[in-house]
Amino acid sequence: MADDAPKLVADIGGRLHQQSRPTKDFLIKSLRQAASALLELEQKASLEPAIKPLSASFVKHGLLHNKDKDVKLLVAICCSEIIRVMAPEPPFDDKELRVTSFLRQKNLPNQADPKTFCNLDIFELFVSMFSEISNTTSPYFSRRVKILETFAKYNFCMLMLDIDCDALVLEMFNTFFSVSSCTKTMREGPFSMHFYAFYLLDKVMENLLKSNGARLSYLGIMSSEHHQQSVVKAILSIMTVILKEKVSQPLMDVILQNLLKEGKGATASPSRIAVSIIQNCAEELEPFVCGFLTSCILDRDAVVNDLKEFYHEIIFEIFQCAPQMLLAVIPNLTQELLTDQVDVRIKAVNLIGKLFSLPEHHVVQEYRHLFVEFLKRFSDKSTEVRVSALQCAKPCYMANSSGTEALEILNAVEGRLLDFDDRVRVQAVIVVCDLVKSNLKLLQPELISRATERLRDKKIPVRKKALQKLLEVYRDYCSKCAESYIAITDHFEQIPCKILMLCYDKDCKEFRPQNMELVLAEDLFPATLSVEERTRHWISFFSLFTPLHVKALNSILSQKRRLQTEMQIYLALRKKEKNGFLGENVAEEVQKRIQASFVKMSASFPDSSKAEECFHKLNQMKDNSIFKALAQLLDEVTLTSAETTRDKFLKVIGERHPHFEFLQSLSKKCLFNIFSSDHVRYILEHISSNRVGDKHLEVSAVDLLLLVDQDVIISIFPSLLKGSEKLFQMLLFKEDIPCQEKLIQVLAKAGPHIAIKLSDIYPSLERICLEGNRAQSKFAVSAIAALVSTSEQFVFSELCKALVDSLHGGQNIPTVLQSLGCVAQHSPSAFEARDKEITSYINETYFQVEPLDYLASFDETSECSSSCKLKIYALKALVKSFLPHRGAHVKRQIHDLLNMISEMLQKGSCENDKAHIRLAAAKSVLRLAGRWDLHIAPHIFRSTILVAKDSSPLIRRLFLDKTHKLLKEHAIPSRYACAFVLAGPDCPKDLQEDSLKYMAEFIKEYHKEAQVRQASVMQGGTITDYPAYMVVFLIHVLAHDANFPTCHDEEIFAQFCRPLFLTLQVLVNASFVDGGMDLDNDAISCVFGIFRAIKRAEDAVDVQKTLNLHILADIGISILKALNTNGISMSNTPDKILLPSSLYRISSAKKSEEVNSTGLPVSTFDDNFLKRLIPFFKSNLSLPSTALPKRGRKCQDSSHLDAIKSKTLNLASSREVASSINGTIMEKGSSLHGNTHKAVMQEISIGERNRPVSPTVHRSVRLHDERCIDSGHKIDKGRNSEPSLGKGQLSSSCGSATVRPLTGSQISTKKMVLPHTASLKANGTAKESSSITTKPSKSSRSKRKDPCSSVEIVKDGEVLIGQRIKLWSPIDKCFYSVTVDGFNSQNNTHKVAYDNGAVEALCLASEKWETISDGSLSKMVKLAHKSNGFHTQKQ
């Protein structure tokens, strides 16, 4: 067969040459036979004669240019075989082929003989075959691959280099890269019939040859994978051969272009081919590559090559495959890091960062100088460069995680956490968190602590990104802890603590408690983390809590509890409504209550208005299954059961439900998904089994569960203790347990919600009341009160008897006194049954008898003696007996206790004891003032306030802190705030600053509340709502001071009046309290009106002090005028000035005549004295800079501080000062015509104080009576001593002397003629008589309903608007302070606002509540200037 092949080839060539125009069928048949024959030929030069006819026929018929694919492929096969057989000599004239190639490259006409086989068309035919190899699904694929393999095997490319056909070589390179980029294309069109027949025949022949053991025909179909590998191998071989022989710039460009193409994962991708070529020909390519890249780095603009825009990417790709090529290039990158062009620096940083991130290359160590310069880019002047450097930090660190380089990278990143640009800080947080996640163990723990500080960043985007990334870190940390990969550490547990502090962020809605609830419930822990693991972490990071953290957590939990409670109320009301058990009137009330519940529940959602709308739509639905499911969710206290129930509920309603999204959110909030009964059980187990190990964590576990006074788990969700009663009871009285005190405390809180019988634990609780410490006994009594039933009230009587016996026996006196006081608060009747016995014993044993020697054994290391401590404990017990819980009644008289306190304010057994007893007495007055302020005599008030000037700095500090706390809670009248300015210059500087800070906080908060109540003021409110009213009481205290100056020495007066000046300075200068012009206007108008009223009154306690009052008023007016730098008119002062009748009374007619026609007081000083006095305040008594709020000092610039200082005391001109001293303020165009206008009393409410008033109108002065006087009591005006309160006049049905204001319809008049009459005449001619009348209340106090009993609401419900009240919560079993904001007369409901922002509409007639008001302001005695007569009126 092989011997016949040459003859067959010659015959086919001859037949084909003889045809003038052969048909396609003839060509395909002939060429197929020729191809098969040529395959059998061996390489022999002697075969040229046999092959020449076939070659000549190709030229004759132009088969190299035939367009038919079948013919073209067969011709290419034949040509490749002819060249193979004739190798190494080409079957054409080399010289002629070179000429043809040159002419082709120069686009010149070819002069060669077109009929010869020495044409370049054969190589172009091969290249065209190569371009079609990419279609691996084509039936021609294997034949084309065979041509490529033959071309590569016999180095046909060398022929192309010999004839200098560089253009065709470049085209072939592009073709090869193009082929490698597409290993698969769509199948070509339908097979031609000829080739399909050829294909089938070939398969038959292949099988026959295979069965006979012969060599498989190359026409056989090979696997696609094998072909792909063959193609890549052949291409690399051809390209490598060419580059080894000759490298040109165009060829290098083609390689570099394909080096940057994507698809590195594919075996035959262009980039993979390029990498292999570079690795194979690195030595040949290096000069070209290095020259190009160096030119781009040093002078890119001079490079004429499109690849110069991508040279950074080229460097990185080459460095990965052939780093030795770039040894001369990499150091030049330092120049780019130092260039002024930001875009170049950014690209250089990104490139170098990627180079440093390459593992196993050790680039950082080899190019140290480059690394140092790279680190400097972290502090580059360009923000974009710094961000790029940070983006490179993580991969750089991961590739160099050990050694000094890693620490240098971390330090550079840490420094950017405080960058001045927020974009850099965001990126720094991302990098730090990603680094921490990559290695929780080895990374510096301080780094995550630094990152958590960005939660307090000044920019919201930084805080948001920090929250997102830190949550990711904490979830990974929790997962690793569960796997025991890492131990619990404080650095990671700080993350939840910092996250909670976002609740105080008022700038971003995403950080409000409504959203932070979901963060704690869903985002803080991994979804798969067990409840036990979550509890471990809660215990750990709760141990790091501060009071601010607890407050933030409380706001979230309280909001959740409020929604759950309101949802339960709503579901119950809806059920009643749907059952039709309600009357028409009741149904209307129910609808209003449902509406109120919607408002309160909506406050728990980020978009409250949208949530309220959804609640209304939900209420209209008739599908009761939804409401049943919600009720079931509220009852599920275990987390797993609740989540299962919720999932079933959402699955039932389906995502297509119109309210699915809202119900999904609502169901989350109904769940106990932050804390559940499972958490409580695990905490109790940890405590009982001491699993925590660490004592600090054990205390944290107890606090998390039991810290009732800070409102943590049990305090807010007492029902979560259900199911753990046995464990709790076993733990309650376990010996040697450090948390027993707090366990008793939680029992007092959760008692009504758990199944524990009092009879089972009463003996132990009684023993604690008798033998425990004071704190334990307090909680034990509260626990008894929480567990006692109606039929077990006798328990308190028995306990009281046991305590009295123990008191007489002298056993554990401090604890017994504490228990007696607590019993009196929870069961006043039990205490009152033995009141006389207890009180007399305490008085005789501890107050009237000198201390005994054996008492010294109680506390030898205390700051005061043991007898002093016992006196204080006894006093506390008696005070508690007058402050019962839950609005209980007190029938006993308080005057004996007040007299006793008055004595204690003055006496003591030794100097140290005296100070502590004084402090205890003052604190007792403060506590009693919330309920019994009407009964506190002026001298007791003064003695209490003057504790702020005590000689002991510690006593001052404790007293002022206590006053501040109670004022902040609105637990005492506002008049006690004047204690803040009495801390003299002799006390420590920090105490002075704190007292002024307390004053600023008081003014700011109380002023806002007064503005809220302005609507009620217009309906009959008074000036007493404003913080400026404290001046009334400060003037009284100063006037009665024993050190009141008796000489006209300006410096002495300035020092003495320092409290008055400080008060006015803080009131008038709104900068101290972050206020505005409204605060300035209010303060100036109110204070000026007060001074004017005091000038018209006289001292009701000691008439001899009246002159002191007027002197202080004159000084105050002068100071006020000097501080009035804004030019605020003082003529717009309130017409109705209320003064407390226990401190002030009507001035005599002689004093009244000193009031000029303008209604302003006449000065008791000469002008010169006041002019000399004012500068002393400026020079000696200016406020310290630290009195400014810290935030204000931090953000204010120097110019603003200068403005504040100048505003502190900017003296008015001499004329203005003289005008203020004379009390004369004339408006332009105003005139006085006393003969044409009668003096008429005008009562202008504070809400209308800015309305101009005619100067001819005399403003009225009113005195309000803070004493409890019956209708038959007469005022003895001749007495100068302290007013005594008769027996039987001070009792109150609720133990409180606070009284609600009465309307005009409730007042009757009873005239009492006094011997003196007064006449006033503006022009000195007209005279009219006047009288003083007393108008007692129509109904006696004994007939009034108890305001605490909530049985009767005053008919005019609007009188409560703006008032502060204590509202009893039947759920939480405690009082909440609220403000009454409005009244709806149609349904008799009041709108109340809680301190945390929640709003509720309630019918106060059906609620338990108490008033929180200034008792001294509750009863009024009005001093009115009307028809030239003064009238006294009690209201």
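Residues numbered from 1 in each chain as written. Predicted model: local features only at pLDDT ≥ 70, side-chain atom pairs only at ≥ 80, totals over all residues. Heavy atoms only, no water.

### Overview of the overall build of the protein
Scanning the protein from terminus to terminus reveals 61 helices and 13 strands. Put simply, of all contacts in the protein between residues at least 6 apart along the chain, 73% involve residues at least 24 apart. In the structure as shown, the protein presents an accessible area of about 62,700 Å², 51% of it carried by carbon and sulfur atoms. (Helix = DSSP H or I, 4+ residues; strand = E, 2+ residues; numbered from the N terminus. Contact = heavy atoms within 4.5 Å. Areas by Shrake-Rupley, 256 points an atom, 1.4 Å probe, with all protein chains shown as cover.)

### Comments concerning the pattern of salt bridges
Oppositely charged side chains may form a pair once their charged atoms are brought near each other. For the structure on display, the rule yields 47 salt bridges. Residues Arg-918 and Asp-950 are paired through a salt bridge, measuring 2.3 Å at the closest nitrogen-oxygen approach. Of the two residues, Arg-918 is situated in helix α47 (residues 911–932) and Asp-950 in the loop between α48 (938–945) and α49 (953–968); the sequence distance between them amounts to 32 residues. Here Arg-918 and Asp-950 have matching classes, each one buried. The residue Arg-957 makes a salt bridge to Asp-994 at a minimum N-O spacing of 2.7 Å. With Arg-957 in helix α49 and Asp-994 in helix α50 (residues 989–1012), the pair connects residues that are 37 residues apart, well separated along the chain. Given the relative accessible area of 19%, Arg-957 is considered buried. Through salt bridges that share partners, Arg-345, Glu-373, Lys-376, Arg-377 and Asp-380 make up one connected network. (Salt bridge = Lys/Arg side-chain N within 4 Å of Asp/Glu carboxyl O. Buried < 20%, exposed > 50% of the residue type's maximum accessible area, 1.4 Å probe, protein only.)

### Description of the sheet that holds strand β11 (residues 1409–1412)
Spatial strand order, β10-β9-β8-β7-β11: five strands in an open sheet with antiparallel pairing. The sheet terminates laterally at β10 (1399–1402) and β11, the two strands that pair on one side only. Within this sheet the neighbouring strands show an average axis-to-axis angle of 40 degrees, counted without direction. Pairing between strand β7 (residues 1364–1369) and strand β8 (residues 1374–1384): six bridges, direction antiparallel. (Pairing = 2+ DSSP bridges. Axes fitted to C-alpha atoms, helices over the stretch in contact; angles between N-to-C directions.)

### Focus: the packing of helix α24 (residues 460–482) against helix α27 (residues 531–542)
Axis separation between α24 and α27 bottoms out at 11 Å; the angle between their running directions is 115 degrees. Crossing handedness for the pair α24 and α27: right-handed. Together, Tyr-474, Tyr-477, Cys-478, Cys-481 and Ala-482 of α24 and Glu-533, Arg-536, His-537 and Phe-541 of α27 make up the contact between the two elements. Of the residues assigned to the contact of α24 with α27, the class counts are six nonpolar, one polar and two charged. (Left-handed = near helix turned anticlockwise from the far one by under 90°. Nonpolar A, V, L, I, M, F, W, Y, C, P; charged D, E, K, R; others polar.)

### Considerations on the state of the cysteines
Per the counting criterion, the structure on display carries zero disulfides. Looking at the unpaired Cys-481, the closest cysteine sulfur is the one in Cys-478, lying at 6.3 Å. On the accessibility criterion, Cys-481 (6% relative accessible area) is buried. (Disulfide = S-S within 2.5 Å.)

### Examining helix α41 (residues 794–809)
Taking 1.5 Å of rise per residue, 16 residues should cover 22 Å, and α41 covers 23 Å from first to last C-alpha, within 8% of that figure. Looking at α41, one finds that the buried residues are Val-795, Phe-796, Leu-799, Cys-800, Ala-802, Leu-803, Val-804, Ser-806 and Leu-807. Packed against the buried residues of α41 are α39 (758–771), α40 (774–787), α42 (813–826), α43 (828–832) and α44 (835–847). Looking one or two residues past α41, Gly-810 carries a phi angle of roughly 70 degrees, positive in sign. (Expected span 1.5 Å × (residues − 1).)

### Details of the environment of Lys-722
As for its placement among the helices and strands, Lys-722 is situated in the loop between α36 (713–716) and α37 (725–732). Among residues more than four places away in sequence, those in contact with Lys-722 are Ser-677, His-753 and Ile-754.

### What to know about unusual backbone geometry
Across residues other than glycine, the phi torsion is negative in most instances, and most of the peptide bonds are trans. In this structure, His-362 takes a positive phi of about 55 degrees despite not being glycine. Along the chain, the position of His-362 falls in the loop between α17 (342–356) and α18 (363–366). Even without glycine at this site, Asn-812 takes up a positive phi of about 50 degrees. Looking at Asn-812, the relative accessible area reads 27%, which means it is partly exposed.

### Structural notes on α49
Between its first and last C-alpha atoms α49 spans 22 Å; for 16 residues at 1.5 Å apiece the expected length is 22 Å, and the two agree. Within the span of α49, buried status applies to Ile-955, Arg-956, Arg-957, Phe-959, Leu-960, Thr-963, His-964, Leu-966 and Leu-967.

### Some points on the pairing of β11
The two faces of β11 match: Trp-1409 and Thr-1411 on one face and Glu-1410 and Ile-1412 on the other face are all buried. With four bridges connecting them, β7 and β11 associate as antiparallel partners. Within β11, the position partnered with Leu-1367 by the bridge is Trp-1409.

### Some points on the packing of aromatic side chains
The final tally for this structure, using the stated rule, is 32 aromatic pairs. Centre to centre, the rings of Phe-126 and Phe-151 are 5.8 Å apart; their planes meet at 80 degrees, and the pair counts as edge-to-face. With a gap of 25 residues between them, Phe-126 in helix α6 (residues 121–131) and Phe-151 in helix α7 (residues 141–153) connect regions that are remote in the sequence. Both residues of the pair, Phe-126 and Phe-151, count as buried. Measuring from centroid to centroid gives 5.7 Å for Phe-374 and Phe-378, while their planes differ by 85 degrees, and the two rings are edge-to-face. When its relative accessible area of 1% is taken as the criterion, Phe-374 is described as buried. Site record: aromatic cluster; members linked through ring pairs are Tyr-474, Tyr-477, Phe-492, Phe-525, Trp-538, Phe-541, Phe-542, Phe-545 and Phe-675. Looking at Arg-681, its charged tip hangs above the ring of Tyr-682, at a distance of 5.0 Å from the centre. (Phe/Tyr/Trp six-rings, centres within 6.5 Å; stacked < 30°, edge-to-face > 60°. Lys NZ or Arg CZ within 6 Å of the ring centre and 35° of its normal.)

### Observations regarding the pairing of strand β9 (residues 1389–1394)
For β9, the buried fraction is high: five of the six residues fall into the buried class. Looking at chain direction, β8 and β9 are connected through six bridges and run antiparallel. Counterpart to Val-1378 in the pairing with β9 is Tyr-1394. Pairing between β9 and β10: four bridges, direction antiparallel. Its bridge partner being in β10, Ala-1393 is matched across the sheet by Val-1399.

That is the geometry; function is a separate question.
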